Amino acid sequence: MTIHHSVLELIGQTPMVKAQHLDTGLCELYLKLECMNPGGSIKDRIGVSMIEAAERAGKIAPGDTLVEGTAGNTGIGLALVAQQKGYKLLLVVPDKMSREKIFNLRAMGAEVVLTRSDVAKGHPEYYQDMAERIARETPGAYFINQFGNPDNPLAHETGTGPEIWEQMGHDMDAIVFGCGSSGTMTGLSRFFETAAPHVELVLADPVGSILTQYINEGVLSTKSGSWMVEGIGEDFLPSISDFHRVKKAYAISDKESFMAGRELLMKEGVLGGSSSGTLMAAALKYCREQTVPKKVVVFVCDTGNKYLSKMYNDYWMLDNGFLEREAKGDLSDLILRPYAKRDTVVVGPNDSLTVAYQRMKMYDVSQLPVMEDEKMVGIVDESDVLMHVHTDQERFKDLVSTAMVRDLEVLEVGAPMAALMPVFDAGKVAIVMDGTRFLGLITRIDLLNYLRRRVQ
């Protein structure tokens, strides 16, 4: 067996797997598992390419500060390389980035600056513009600039493209990819233009991005929408972009992306991220449209481990209207965690307050129903615990029954939605009952999510 001397040696040469259980029509679909890179994404390739090119050019040396704006995995790829080579790294990221990515970056030693995700290029808080400004104002800092760095597409022209072509035995008809900085698309375009000009380049793009209209209609819009998928889609054309060989693009909604990603895991056992879902949805549409068999390659851009709190979290999917439950037409439609399904986080009256506190923290809730023999006997929230222990921390050992509220105000499941407002005005959560049977809790955010879903 080969012994590697650095995790950086593991970047590239990722596996190719033929899909066996997805409906691909007449086509064969091959999954390029970029999620198997050590940093978990295809962006590891450009992380090492851009930093090592800057080293060769004498622009940086170990100990220097590198700065970049990233809406996706480029930050993790850069952090991986910076950590191994001894650089400081400051990253500006939009606030829609998953918590897992931010935790990952900070654990690797990167400094993370969060900025707004609802502003476009040219705004001072747009992540790329803010990163460029920070680099300019920080003595000795080097701005990576993935969107204008020629060593971004070069990594794919000289690495990813030839690797795919070799793995496919020089026999393939199309490749499906996404576009963020445009490095993957530009590099692949340059490689296949020479090596295999017959290979079709197909863009998977989030709804809201300007790129689908640009490819399919030749219209470059100045207005973009918003999307929840991370790392792909654009509101401008990066300076390194080369779209001239891309003739087909699919606009994929957030819901399609997340559901396709979950289907990939369910049917093929591959845990991909949100952008992988976008690519998968586009690849399946492309395959099913073909009237002759084709061999199609699609990237699994990154690992879904970074999205467990989002697209693989049923509660998050329900909150955002991407999963649906059968509507009953009463207050039970607003209960995110129904007790009958054992989704409600509860505590017993004889549990300690430490247990109650730990469950609140673990499940990110502020209150817990107190259940005894399937009967609700009280409710305990953060304020109740705080009031009980603030003068004596040893009281965390006391039983929940000593701090819980027993005088419960409940709503019948058939009550009108308007009945929730007096409960919320009193600073309480709504306890919903069906006779003597506890159904669950409704909080302010549950009501807000319900109302927002109705206007989608």
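To keep things clear, this report deals only with the structure shown in the data block.

Calculation notes
- Residues numbered from 1 in each chain as written.
- Predicted model: local features only at pLDDT ≥ 70, side-chain atom pairs only at ≥ 80, totals over all residues.
- Heavy atoms only, no water.
- Pairing = 2+ DSSP bridges.
- Helix = DSSP H or I, 4+ residues; strand = E, 2+ residues; numbered from the N terminus.
- Axes fitted to C-alpha atoms, helices over the stretch in contact; angles between N-to-C directions.
- Contact = heavy atoms within 4.5 Å.
- Buried < 20%, exposed > 50% of the residue type's maximum accessible area, 1.4 Å probe, protein only.
- 1 Å grid on protein atoms, 1.4 Å probe; cavity = no way out; pocket = protein on both sides within 12 Å on 5 of 7 lines; lining within 4 Å.
- Points joined across faces, edges and corners; volume = space filled by probe spheres on them.
- Nonpolar A, V, L, I, M, F, W, Y, C, P; charged D, E, K, R; others polar.
- Polar contact = N/O pair within 3.5 Å; in protein donor to acceptor, adjacent residues only side chain to side chain.

### Some points on the sheet that holds strand 7 (residues 174-177)
For step 1, the next point in the chain: Read from one edge of the open sheet, 6 strands run 1-2-10-7-8-9, paired in mixed fashion. Bordering the open sheet on either side are strand 1 (16-18) and strand 9 (246-252), each of which pairs with just one other strand. Between one strand axis and the next, the sheet turns through 25° on average, direction left out of account.
For step 2, the next point in the chain: Those strands touched by helix 8 (residues 254-268) are strand 2 (28-33), strand 9 and strand 10 (295-300), and its axis lies near 95° from that of strand 9.

### Side note on the pairing of strand 10
For step 1, the next point in the chain: Most of strand 10 is tucked away, with 5 of its 6 residues classed as buried.
For step 2, the next point in the chain: In terms of strand pairing, strand 7 meets strand 10 through 3 bridges, oriented parallel. From the neighbouring strand, A174 faces strand 10, where its bridge partner is V296.

### Re unusual backbone geometry
For step 1, the next point in the chain: Phi is positive for S182, which is not a glycine, with a value near 80°.
For step 2, the next point in the chain: Relative to the assigned elements, S182 resides in the loop between strand 7 and helix 6 (183-195).

### Some remarks on empty space enclosed by the protein
For step 1, the next point in the chain: The final tally for this structure, using the stated rule, is 2 cavities of 30 Å³ or more.
For step 2, the next point in the chain: Taken as a whole, the largest cavity holds about 190 Å³ of empty space.
For step 3, the next point in the chain: Looking at the largest cavity, it is lined by 21 residues, and the ones nearest its centre are I42, K43, G231, I232 and C301.
For step 4, the next point in the chain: If you list the elements that add at least two residues to the lining of the largest cavity, you get helix 6 and helix 9 (274-289).
For step 5, the next point in the chain: Here the residues of the lining of the largest cavity sort into 7 nonpolar, 11 polar and 3 charged.
For step 6, the next point in the chain: As a volume, the second largest cavity reaches approximately 40 Å³.

### Thoughts on the sheet that holds strand 14 (residues 430-434)
For step 1, the next point in the chain: One open sheet holds the 3 strands; their spatial order is 13-14-15, and the pairing between them is mixed. Looking at which strands have only one partner, the edges of the open sheet turn out to be strand 13 (410-412) and strand 15 (437-442). The mean angle between the axes of side-by-side strands here comes to 35°, regardless of whether they run parallel or antiparallel.
For step 2, the next point in the chain: Sheet analysis places strand 14 next to strand 15, joined by 5 bridges and oriented antiparallel. Bridge assignment links I431 to a residue of strand 15, and that residue is L441.

### Notes on the side chain of D205
For step 1, the next point in the chain: You can see D205 is positioned in strand 8 (residues 200-206).
For step 2, the next point in the chain: A residue is classified by how much of its surface remains accessible, and D205, at 0% relative accessible area, is buried.
For step 3, the next point in the chain: Of the polar contacts made by the side chain of D205, one reaches the side chain of S209; its length is 2.9 Å.
For step 4, the next point in the chain: Once you skip the residues sitting within four places of it in the chain, D205 turns out to touch I210, L211, T212, G233, Y250, A251, I252 and T278.

These results come straight from atomic positions and should not be treated as a statement about function.
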